[in-house]
Amino acid sequence: YVFIICVISPPTVRIVHSGHACNVEEERYTERVYTIREGETLELTCLVTGHPRPHIRWTKTAGSVSDRFQDTSVFNETLHIAKILRHQGGRYYCKAENGLGSPAIKSIRVDVYYLDDPVVTVHQSIGEAKEQFYYERTVFLRCVANSNPPVRYSWHRGRDVLSQGSDKGVEIYEPFFTQLQGETKILKLKNLRPKDYANYSCIASVRNVCGIPDRRVIFRLTNKTASPSIKLLVEDPIVVNPGQTVSLVCIATGGEPPPTLTWSSTSEKLPEKSVVKDGTLTLPAITSEDAGVYSCIASNNVGNPAKKSTTIIVRALKKGRFWITPDPYHNDDNIQIGREVKISCQVEATPPEELMFSWLKNGRALRSSERMVITQTDPDISPGTTNLDIIDLKFTDFGTYTCVASLRGGGIPEISIDVNISSTTVPPSLTVPRGKSPLVVREGETVELECLVSGKPKPIILWSRADKEVLMPDGSMQMESYDGVLRIVNVSREMTGSYRCQTSQYNGFNVKPREAVVELIVQYPPAVEPAWSEVRQGLNRPVAMSCRVLRAHPSRVLRYEWRLGSRLLHAGHFDTRDETEYTVRTLTREGYGEYTCDIINEAGAGRCTFLVTGKAFAPEFYYDTYSPLWQNRPRVYGFKLQWTQMNPDAVDRIMAYRLGIRQTGQQRWWEQEIPVEGPIQKGELITYNLTELIRPEAYEVRLTPITRFGEGDFTIRMVTYSAPINPHLREFHCSFEEEPICMFTQDKNDNFDWTRQSAATRDTKYTPNTGPSGDHSGSKQGFYMYIETSRPRKEGEKARLLSPTFNVAPKNPYGITNPPAYCFGFYYHMYGKHIGTLNAFMKQKGQATSDASPVWSLTGNQGERWRQAKISIHPTSSFQVIFEGIRGPGIEGDIAIDDVTLEEGECPDPPSNRMY
């Protein structure tokens, strides 16, 4: 192994694509656009360089600001979306960062193409009657289809294409108020003629982009075509009792074509239990939640939809309450003989107009009189309220008064409210019991705040925060209590503060509220930092640890205890400082372990934990090695493994690395030690060559640093066998061993395809006396590409294989003055008496495949062996190389290629079969 100094570098990033792209425009308004059909698979890969290995994150921004990050982030190199939907279009960003310099960010815009079925809507205008027998009738047919890219529309009458100017009675136009180009196309039929009654088809097309076929809709226009009309066979409103079944019947009374009937409600969604059949909506076992406006809508795409609505009201009586109002002309709040007193009673009633009240005294019906006046309050001031005014209270008026609320329609249980008027009926008072304020509790406990309420009757008590406008523990601004107790479970530190209890007018006296305040103090153990920290240090060096208090209640009288394991090292009390330190001057082997610092108050302890270790940090594999893989024997390959050491000076010197390697799918690790001479520098690149790896197996490699403390943190990476497939490297090599065939693609405009094959996988019925018996290296397992010339292939048919696009980097910013030279090489096998022609082309950016001229060509039988071709090429812009196999006169004409290379610089050997 060898050492190379400092390879630490900030990240770079590039996005490459696979998946089902229809088209990728590399430079369009300075952004890359990836076009894909809805339902296909999107696959984007982020290729990064940089050391240490950058972390990758994919994010997506959509069109609107509110929808900015609608997809969750993806943290692996390849972003894979199967069956992509239209809303998943947008700009995708790949961000790579490794803590050095600025993060590297690249983006690509994904355009999802789709075409929905078009919809035709029809509008009619009938002119004024002239002499009562002639009128003008004009019909507008509007065609709309959702799509990306914009649609082109065409109209047909029967089988005839309609175009502007082809018929005087027809106009075709786009309305000027449309927002998007191609949003709609309107067909106007002026002064309807008999021949205008016909079948009209609208064809929506995106010109077969992404292979999306045209879509068609047919509308039949007759002299009966009319917009819909409907009728609801129900009352409005419908008043029902809970539990009843309600059926809303809607029928279409007109419309051609026959309209479709749908139901909606004010709550947008219909109740789950509802059943819709043939325009009838049935709501079984109705409840108050089902009340609201229900609408029947009829649509047939002619004119505007017809809509009729009805309101369902579900009878209900809820929340019965009362209050007593003492004589307003006296200052005190007591009830006394000879004074006026008013009893009020309130309920929530649906529908309010059906509400009826009656009053009883000691169980006997009570009627309004001069001294006992029964009234009902104006619904706008206090809905659902009745009052009993006793003008001049006498001793004989003491007793139990009952107000009974009912609904005129019946079927709903009555609500009865009893109010006792006697010499013991007194207004309320509130006190906080002795010792119940301030209340001191610990976080997590259950606490009861208490206000003693006296008086008869006892009113409802309302609890709220007195010190600030914040919510109560249940999330409301105010909580009710019938016994004056507020119970809080699992109390938290945010609940510290003042709580107000006050009487409500309900079920008590309608007087100025009585109130009291309870103070709550929540104690909690200290919150400290760091909660956990790892400290790496070598032997005989100092270690300093510090534990800081962030919050605590009570915050005074804090003490601390430092321990190593269970052994107490140091203890004391805080003065004015908020942190405590502990230092180990010289670290020994016994000094490694878990140190804890407990900071303690009355409520408990907060703990800082420090793991002091001599473990070395993990090595960081270097992934940007130039041509790390080599092969000098057919069955085996070698791999140049490179890494740097993270924070090499943090602990004792690394003396060796333990290298573990195992074949994928196997259990057993093979291990060996790699000794290290002298100290390792930060960023220093260490290289070790792995040999005798079996092709094409993948391997898991584990690397562990070793110091005198012992083993450090290990790192694992995969080593896989594949030909380099990144066309932007200075050297390109493809031996077709992997299924993606190095991003080569088949031409869609030729007669047949090239086939990937190895001698071990070929058909037993292969044609003898043609084609290779192994790949270029002689391996039966190795793959190559070939053209199969057996039937049904015919003489002269062509198969083309296109390489990925290679970028030519300009040496100066003003373009390429001296075109760079590349050496393009490959092996070919042309054996058989019917061999046709093998051509190699160079196609530059902007050139059509048919315009590219061959840079190399060979025809006829060349014998049963692999031969090498090398050609110097001089592209001036990004380019592709193309292999074209042409079938000869018979079946013994298989042509094969293997080991395609592209290297910077002129070819060292004289060019072979160069075309001039």
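Residues numbered from 1 in each chain as written. Predicted model: local features only at pLDDT ≥ 70, side-chain atom pairs only at ≥ 80, totals over all residues. Heavy atoms only, no water.

Here we look at the packing of aromatic side chains
Right, so step 1: Inspection of the entire model under this criterion finds 20 aromatic pairs.
Right, so step 2: Ring centres 4.8 Å apart and planes at 75 degrees place the aromatic pair Tyr 592 and Phe 709 in the edge-to-face group. Of this pair, Tyr 592 sits in the loop between β49 (579–584) and β50 (593–601) while Phe 709 sits in the loop between β58 (699–707) and β59 (710–711), and the two are 117 residues apart along the sequence.
Right, so step 3: Here Phe 826 and Tyr 828 contribute two aromatic rings whose centre-to-centre distance is 6.3 Å and whose plane-to-plane angle is 55 degrees, an arrangement assigned as tilted. A single burial state applies to Phe 826 and to Tyr 828, both of which are buried.
Right, so step 4: Of the aromatic side chains, those joined through ring pairs into one cluster are Phe 824, Phe 826, Tyr 828, Trp 856 and Phe 883.
Right, so step 5: Residue placement shows Arg 668 over the ring face of Trp 670; its charged tip is 4.1 Å from the ring centre.
Right, so step 6: Over the ring of Trp 669 we find Arg 702, and its NZ or CZ is 4.0 Å from the ring centre. (Phe/Tyr/Trp six-rings, centres within 6.5 Å; stacked < 30°, edge-to-face > 60°. Helix = DSSP H or I, 4+ residues; strand = E, 2+ residues; numbered from the N terminus. Buried < 20%, exposed > 50% of the residue type's maximum accessible area, 1.4 Å probe, protein only. Lys NZ or Arg CZ within 6 Å of the ring centre and 35° of its normal.)

With respect to the sheet that holds strand β22 (residues 260–265)
Right, so step 1: Here four strands make up an open sheet; going across it, the order is β20-β26-β25-β22 and the pairing mixed. In this open sheet, the two strands that pair with only one neighbour each are β20 (238–240) and β22. Direction aside, the axes of adjacent strands within the sheet are offset by 25 degrees on average.
Right, so step 2: In this structure, β20 lies alongside strand β26 (residues 306–314), joined through three bridges in parallel fashion. (Pairing = 2+ DSSP bridges. Axes fitted to C-alpha atoms, helices over the stretch in contact; angles between N-to-C directions.)

Re the environment of Thr 45
Right, so step 1: Within the secondary structure layout, Thr 45 lies in strand β5 (residues 42–51).
Right, so step 2: Apart from residues lying up to four places away in sequence, Thr 45 is in contact with Arg 14, Ile 15, Val 16, Trp 58, Glu 77 and Thr 78.
Right, so step 3: Polar side-chain contacts of Thr 45 include one of 3.2 Å to the side chain of Thr 78. (Contact = heavy atoms within 4.5 Å. Polar contact = N/O pair within 3.5 Å; in protein donor to acceptor, adjacent residues only side chain to side chain.)

Let's talk about the sheet that holds strand β19 (residues 226–232)
Right, so step 1: Strand order in the open sheet formed by four strands is β19-β21-β24-β23, with antiparallel pairing between adjacent strands. Of all the strands in the sheet, the pair left with one neighbour each is β19 and β23 (275–277). Along the sheet, successive strands turn relative to each other by an average axial angle of 20 degrees, direction set aside.

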